[in-house]
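# Notes for the structure review
Residue-level listing of the chains:
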Amino acid sequence: MRRKESLYPTDWLRIAEKDLNRVHHLLAVHDPEAAGFYLQQAVEKFLKAFLLSRGWALQRIHDLEPLLNEALTFDSSMEKYRSVLQKITGLYFVERYPLMLEAGLSEKDVVDALQQVTGLLDTIRSHLK
């Protein structure tokens with residue numbers, strides 16, 4: 001039997017924070033592919049927590065851009081994160097799926113994306129207090 005996902009924003013935020021901690025740990029052990037994967041997972045869960053707090057119907061989606069589009073209906077200031085969210089979505093696929101070409105993902109790529117998206121995560125945290 002398939003388990004049902006929680007619809008409580010706090011549950012999603014708790015796991016998002018855990019995934020974000022994993023990013024830092026994986027960067028420390030020089031695993032940028034896994035760090036990028038968990039960065040995408042963290043941001044996805046932050047966005048879902050925010051949207052669930054606004055009454056959004058939970059969807060199984062990993063692409064951050066549609067989640068951002070939904071979030072913009074509640075906070076238009078999040079638009080400035082579109083390009084980094086597009087990059088971060090790509091990090092999910094680097095780790096999840098075998099690619100024909102080497103991704104060439106570096107720790108710097110993940111650190112840069114993390115720094116660029118930190119403002120969005122802080123905004124979401126402030127909305128969920």
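Residues numbered from 1 in each chain as written. Predicted model: local features only at pLDDT ≥ 70, side-chain atom pairs only at ≥ 80, totals over all residues. Heavy atoms only, no water.

## Notes on the overall build of the protein chain
Across its full length, the protein chain holds 5 helices and 0 strands. Beginning at the N terminus, the succession of helices and strands in the protein chain can be written as α-α-α-α-α. When the 129 residues of the protein chain are sorted by exposure, 41% land in the buried category. Total accessible area on the protein chain is roughly 7500 Å²; 54% of this is exposed by carbon and sulfur atoms. (Helix = DSSP H or I, 4+ residues; strand = E, 2+ residues; numbered from the N terminus. Buried < 20%, exposed > 50% of the residue type's maximum accessible area, 1.4 Å probe, protein only. Areas by Shrake-Rupley, 256 points an atom, 1.4 Å probe, with all protein chains shown as cover.)

## What to know about the packing of helix α1 (residues 9–28) against helix α5 (residues 107–127)
Angle between the axes and distance between the axes are the two parameters that describe a pair of packed helices. Where α1 meets α5, the axes come as close as 12 Å, and the angle between the chain directions of the two elements is 155 degrees. Classified by the interaxial angle, the pair formed by α1 and α5 is roughly antiparallel. Note that α1 runs across α5; the crossing there is left-handed. Within the contact between the two elements, α1 uses Glu17, Leu20, Val23, His24 and Leu27 and α5 uses Glu107, Val110, Val111, Leu114, Leu121 and Arg125. Taken together, the residues that form the contact of α1 with α5 break down as 7 nonpolar, 1 polar and 3 charged. (Axes fitted to C-alpha atoms, helices over the stretch in contact; angles between N-to-C directions. Parallel < 35°, antiparallel > 145°, perpendicular 65-115°, else oblique. Left-handed = near helix turned anticlockwise from the far one by under 90°. Contact = heavy atoms within 4.5 Å. Nonpolar A, V, L, I, M, F, W, Y, C, P; charged D, E, K, R; others polar.)

## Some words on helix α3 (residues 64–72)
Residues of α3 that are buried include every one of Leu64, Leu67, Leu68, Ala71 and Leu72, and no others. What you see down the axis of α3 is that its buried residues fit within an arc of 140 degrees, all on one side. Backbone nitrogen of glutamate 65 and a side-chain oxygen of the N-cap are separated by 3.0 Å at the start of α3; the cap is aspartate 63. (Arc of directions from axis to C-beta. Polar contact = N/O pair within 3.5 Å; in protein donor to acceptor, adjacent residues only side chain to side chain.)

## A few points about the side chain of aspartate 19
Assignment of secondary structure puts aspartate 19 in helix α1. When neighbours within four sequence positions are excluded, aspartate 19 is seen to be in contact with Tyr38, Gln41, Ala42 and Lys45.

## A few points about α1
With 20 residues, α1 ought to run about 28 Å at 1.5 Å a step, and its terminal C-alpha atoms sit 29 Å apart, in line with that. Summarising the contacts, the buried residues of α1 are in contact with α2 (32–53) and α5. A positive backbone phi angle near 60 degrees is found at histidine 30, which sits one or two residues after α1. (Expected span 1.5 Å × (residues − 1).)

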